[in-house]
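Overview (structure and organization)
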Amino acid sequence: MKRYLGIDLGATSIKLFVNKDESNDLIEVYRFKNIIKNINNSYVWDIDYIFNMLEYFKNITNNNSCSTGAVCSIHPSVQSLFEIILREISQTSFYAVKLKEYGYENKSAYDFLVEILSVFMINTSFNHKKYFSLVLKLDSLRKSAKDKYLDYCKNNNIPYETIDNNFEISESTTLSELIGYSENCNSIKNKVLNREKQRLFELITLMVRLSSINVVKIKKLEYDDSYDFEILKFFSVTNNHSISKDKIKKRILEFSSLALKIKKQLYELQKKKFNQKETSLVNLSIENGYNILVSGDDFDELDRVLNAIENYESNEEINVYTNGSLFLANLHPYFKNNKFLKGHFGSENSEFDFSNFNGSILITQNFVQKIDSLYRGEIFSKKLISFTKVCDIENNDYLPLIKACFNFNKTEKTEDKKILIDYDKNKLNNLDNKEIVFIIGRLNNEIQKNKNYNKNVIFLNSAIEGEILLDNIDILKEKTTKITAFFSECNLSNLDLMFTLLNQDFKFYFVNCSNILINPYVTEALKEDFNIKII
């Protein structure tokens, strides 16, 4: 069968279509944003960007990146709706910073805003009711902060400034109206902001969101709200259209130092609660019994599930398996010695894993994968904006998740399969090289064993060993005259680690990222504004 590609060039997005059979009927398989740039005072499409995205589309379809045969992308409508949330938080942050200057604080509001910043919304099958409830609450916070700021300024004859927001959000507002408003805001932004500022603001947004995830994790281990206002203050920079490029870059580097402090505190608290990671033999087999899969990267939720099973009275064997980034839990003695945690299940494709798992499933808060094409029951979640196809966990009650595992057939033990994961916390202790190259990412054992590599080349798995690098960063800088960090893959773990190191005197190389994960402007900002080599 001949395959045809149809392209619809729209004002704000570009749609790609392919024929599904010999009838040549076209179905939409992918969308991405259309970027407008100013050339000689005329607004034109970024043709180079369009052709780069078409090349990217060709590559991922050739590689069949989705188990369903579809392309895994974030739908522009979902992106537009999430940008409503980001805009509300950004504008509320603007007024929060102004109020702080006059002695007003609202720490509970700061806490709530940072929690929402930690949310990733990429699936089209999200819970509309939860989304609207969240937007209404954010809008109410923004209006309240604005009113308090204006009242104080007027009562004290102080000049004030506000951010234009003429769109009224109410319970009768429709999704289509919100999408239209968001796209209109983006069109205005494209006109008033040059490309340099747009890309730097996108970088700020991603840095804020990743640091917010880390702060939320810290709070679950040992409540600390000292970072909330600093995160919001940094995010409020995106409202300042007159700020110079150099000042934005300075603020980004300053925040990178704060992000480093946040990340190191998170690692310390995780070691305190879950014990130091150690070399571990991780089970990849299925054991006899009834099964529960926990996917995402939230240790706290995994801990709560294990505790709930401990308190559940049953004569049946209940087994818990990690999925996704929660693989790391199997390296912490606190988890790996738990009698209910049996190992890890799955690949990098959650839709495939969920479809093949014989048991109930919990999606944790920071789960970042598309499952729009998945149709199965017994999936649960505590996500603030959950999916339409999942059951909500209310008030930390995991009993429905546990009971649901009995709706599946009891499994028998599969063939033994284990993987040895090395972890050496002293890996960098004796380095005295004047020049060191770190290759950071998931590691291929054959590559690591290659004797052709110089002893100055050190391999690190960012998710597992990132903390070793951060723990030794000051010592490394004293002993070494030149440090190069080569990030071998694009994922949130690598991006988070790189952002914490941005203010260090490192030379960076980073692989090019797809716009499924990050806005292309972020990659451009790293390359053009921070001299990071994109490969």
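Definitions and cut-offs
- Residues numbered from 1 in each chain as written.
- Predicted model: local features only at pLDDT ≥ 70, side-chain atom pairs only at ≥ 80, totals over all residues.
- Heavy atoms only, no water.
- Helix = DSSP H or I, 4+ residues; strand = E, 2+ residues; numbered from the N terminus.
- Buried < 20%, exposed > 50% of the residue type's maximum accessible area, 1.4 Å probe, protein only.
- Contact = heavy atoms within 4.5 Å.
- Areas by Shrake-Rupley, 256 points an atom, 1.4 Å probe, with all protein chains shown as cover.
- Salt bridge = Lys/Arg side-chain N within 4 Å of Asp/Glu carboxyl O.
- Phe/Tyr/Trp six-rings, centres within 6.5 Å; stacked < 30°, edge-to-face > 60°.
- Lys NZ or Arg CZ within 6 Å of the ring centre and 35° of its normal.
- Core = buried A, V, L, I, M, F, W, Y, C linked by side-chain atoms within 4.5 Å.

Another aspect to go through is the overall build of the chain. When you go through the chain residue by residue, the secondary structure sums to 17 helices and 18 strands. Counting the 535 residues in the chain, one finds 52% classified as buried. Within the chain, residue pairs in contact and separated by at least 24 positions form 70% of the contacts whose partners lie at least 6 positions apart. Accessible area of the chain: about 25300 Å², with a carbon and sulfur share of 46%.

With that settled, the discussion passes to helix H7 (residues 228-235). Most of H7 sits inside the fold, with 6 of its 8 residues counted as buried. Residues of H7 that are buried: Asp 228, Phe 229, Ile 231, Leu 232, Phe 234 and Phe 235.

According to the stated counting rule, one finds 32 salt bridges in the structure shown. With a closest N to O distance of 3.3 Å, Lys 271 and Asp 471 form a salt bridge. With Lys 271 in helix H8 (residues 245-274) and Asp 471 in helix H14 (residues 462-471), the pair connects residues that are 200 residues apart, well separated along the chain. Assessed through its relative accessible area of 17%, Lys 271 is described here as buried. One salt bridge connects Lys 427 with Glu 465, and the closest N-O pair in it is separated by 3.1 Å. Of this pair, Lys 427 sits in the loop between strand E13 (418-421) and strand E14 (435-440) while Glu 465 sits in helix H14, and the two are 38 residues apart along the sequence. On the basis of relative accessibility, which here comes to 29%, the residue Lys 427 falls in the partly exposed class. Connected via shared salt-bridge partners are Arg 195, Glu 196, Arg 199, Lys 245, Glu 524 and Asp 529.

We now examine the packing of aromatic side chains. For the coordinates displayed, the defined rule picks out 21 aromatic pairs. Ring geometry for Phe 274 against Phe 299: centres 5.4 Å apart, planes inclined by 85°, an arrangement best described as edge-to-face. Residue Phe 274 is found in helix H8, and its partner Phe 299 is found in helix H9 (residues 299-310); the two are separated by 25 residues along the sequence. Each member of the pair Phe 274 and Phe 299 is classed as buried. One aromatic cluster is present, built from ring pairs that chain together Phe 274, Phe 299, Tyr 334 and Phe 335. The ring of Phe 112 carries Lys 137 above its face, with NZ or CZ at 4.2 Å from the centroid.

The subject of this paragraph is the nonpolar core. Residues Ile 85, Tyr 131, Ile 252 and Phe 438 are the most contacted members of the largest nonpolar core, which totals 128 residues. Per-element accounting of this core gives the leading share, 12 residues, to helix H6 (residues 195-221). With 12 residues, the next largest nonpolar core counts Ile 286, Leu 293, Phe 345 and Phe 387 among its residues.

Attention shifts here to unusual backbone geometry. A positive phi angle, close to 55°, is found at Asn 157, a residue other than glycine. A positive phi angle is found at Asn 396, which is not glycine, with a value near 55°. Summarising the element assignment, Asn 396 is placed in the loop between strand E12 (391-392) and helix H12 (399-404).

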